[in-house]
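# Commentary on secondary and tertiary structure
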Amino acid sequence: MGERVLAVAGLAVHRRGRALVPGVDLACAAGERVAIVGASGSGKSLTARAILGALPSGLHATGSLRIAGHEVLDTPAAVRLPVCRAAAVLQDSALALHPLIPVGAQIALPLRASRTTPETAGHGLRPAAETPVRRGRFTRSLAGMPVRGGHDVRALVAELLDAVGLPADTADRYPGELSGGQRQRVCLAVALAARPPLIVADEPTTALDVITQAAIVELLRDRTGGPGQPALLFITHDLAVAAALCTRVVVMHDGIVAEDGPLPTVLGAPRHPHTRELVRHARAATL
Ligand SMILES: Nc1ncnc2c1ncn2[C@@H]1O[C@H](COP(=O)(O)OP(=O)(O)OP(=O)(O)O)[C@@H](O)[C@H]1O
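Residues numbered from 1 in each chain as written. Predicted model: local features only at pLDDT ≥ 70, side-chain atom pairs only at ≥ 80, totals over all residues.

### Section: the overall build of the chain
For the chain, the helix and strand inventory stands at 11 helices and 10 strands. Here the chain holds 287 residues, and the buried ones make up 45% of them. (Helix = DSSP H or I, 4+ residues; strand = E, 2+ residues; numbered from the N terminus. Buried ≥ 20, exposed ≤ 12 C-beta atoms within 10 Å, placed from the backbone.)

As structure tokens, this is what we get:
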């Protein structure tokens, strides 16, 4: 495995002295897209939320959680350094976005916080050599200068919207004026704007129809896991979607990792009885 953006060791999530997730070990390298699959209640979401530094109140985590080499287990997301903060794309895009703020302003928030450009920040939108030459303040921002003026930020918001397949005028619309698929694209733009080393996507396609689902999976494939792009941890109960997007899979069962390996290997020759069952059901569902 190459440079690790995520290293989880003995991660447990407790509530009132009871371990809801007894112990998870997993890792994700830079440039990787890793799926976490498992039945309902197997601990996928609590593991994801512990990684995001956003456990529900009353729950706490123990063990070790390193993001981009920094131990962050005891550091809530809001106070983590941006370099070791994972961005979230969650199932309910309506809840993830503020209903009363135009989406452009919501994308601009992490952009202003980072005060750098997508290119320097590692969004992987376009390698610098391919960046078209433009005039004015936007040129300065693309050259890696700090983003200051509102005009610069608006241009970068338009670029991020374009990167997720939305027209620039989406910036002026409110989340309630968008479809679920469009809102999920906005959520990905917000995540990319934060220039994270890792995006944690927890069932981001579950609430969508199959066609929109496929489009979001394709978008995640285009925008994560490549050179200079964030790695992806993709939580799903759907093995077929995991196979379409990820190269490696972590199978969870009863709060622990039952199996972890390259997707073709795990699908082709599952070792754990629970993985065998998941594969059997996935095959039956595609008939
Ligand atoms: N806030 C909470 N308080 C108490 N128990 C919880 C809480 N959240 C989850 N749990 C319990 O922790 C276990 C793991 O839940 P988790 O949500 O991580 O499962 P999951 O694999 O994501 O399931 P699903 O696919 O249905 O979302 C379950 O037994 C669940 O009931």
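### Let's talk about the site of the ligand
Around the ligand, the structure places 13 residues, and the nearest of them are L20, S40, K44, S45 and L46. With 3 residues, helix α1 (residues 44–52) is the largest single contributor of residues to the shell around the ligand. For the shell around the ligand, the residue count by class is 4 nonpolar, 7 polar and 2 charged. (Near = placed C-beta within 6 Å. Nonpolar A, V, L, I, M, F, W, Y, C, P; charged D, E, K, R; others polar.)

### Digging into the pairing of strand β3 (residues 33–38)
Most of β3 is tucked away: 6 of the 6 residues are buried. Side-chain alternation along β3 places R33, A35 and V37 on one buried face and V34, I36 and G38 on a second face that is also buried. Strand direction decides the pairing type here: β3 and strand β8 (residues 231–235), joined by 4 bridges, are parallel. Bridge pairing in β8 links I36 to I235. Pairing of β3 with strand β9 (residues 248–253) involves 5 bridges; the strand directions are parallel. (Pairing = 2+ DSSP bridges.)

### Observations regarding the pairing of β8
The side chains of a regular strand alternate between both faces of the sheet. Taken across its 5 residues, β8 has 5 buried, putting it largely inside the fold. Pairing analysis gives 5 bridges linking strand β7 (residues 198–202) to β8, with the strands arranged parallel. Across the sheet, residue V200 finds its bridge partner in β8, namely L233. Considered for its hand, the β-α-β crossover made up of β7, helix α8 (residues 210–223) and β8 is right-handed. (Right-handed = clockwise from strand over helix to strand, strands pointing away.)

### Notes on α1
What sets the pattern is the α-helix's 3.6 residues per turn: residues three or four places apart point alike. The buried fraction of α1 is high, at 8 of 9 residues. Burial in α1 covers these residues: K44, L46, T47, A48, R49, A50, I51 and L52. Positioned one or two residues after α1, G53 has a phi angle of 75°, which is positive.

### What about the confidence of the model for the chain?
In the predicted model, the chain carries a mean pLDDT of 86, and the fraction of residues at 70 or more is 85%. Note on residues 116–147: pLDDT is under 50 here. Beyond four places in sequence and across chains, it has 52 contacts. With a pTM of 0.86, the predicted complex shows an ipTM of 0.97. (pLDDT = per-residue confidence, 0-100. Contact = placed C-beta atoms within 7 Å.)

### As for helix α7 (residues 180–193)
Taking 1.5 Å per residue as the helical rise, α7 with its 14 residues ought to reach 20 Å, and the 20 Å between its terminal C-alpha atoms agrees with that figure. Most of α7 is tucked away: 11 of the 14 residues are buried. What α7 keeps buried is the set R183, Q184, R185, V186, C187, L188, A189, V190, A191, L192 and A193. R195 sits one or two positions beyond α7 and adopts a positive phi of about 45°. (Expected span 1.5 Å × (residues − 1).)

### What about the environment of A189?
The residue A189 is located in helix α7 in this model. Distance in space between the C-alpha atoms of A189 and A27 is 25 Å, their sequence separation being 162 residues. Residues contacting A189, with those up to four places away along its chain left out, are I107, L160, L161, A163 and V164.

### So, unusual backbone geometry
The backbone of E203 shows a phi angle near 50°, a positive value even though the residue is not glycine. In this fold, E203 is placed in the loop between β7 and α8. A residue is classified by how many C-beta atoms lie within 10 Å of it, and E203, with 19 of them, is partly exposed. A positive phi angle is found at D254, which is not glycine, with a value near 50°. One can find D254 in the loop between β9 and β10 (256–262).

### Examining the nonpolar core
Proteins that are soluble and globular tend to have nonpolar side chains buried together. Core analysis: the largest hydrophobic core is formed by 80 residues, its most contacted members being A189 and L233. Of all the elements, α7 adds the most residues to this core, at 8 residues. The contact partners of L233, leaving out residues within four places of it in the chain, are L6, C28, V34, I36, I51, L198 and V200. (Core = buried A, V, L, I, M, F, W, Y, C linked by C-beta atoms within 7 Å.)

### Section: the environment of E203
On a C-alpha basis, the gap between E203 and V89 in space is 8.4 Å, while along the polypeptide they are 114 residues apart. If near-sequence neighbours (up to four positions away) are discounted, E203 is found in contact with Q91, I235 and T236.

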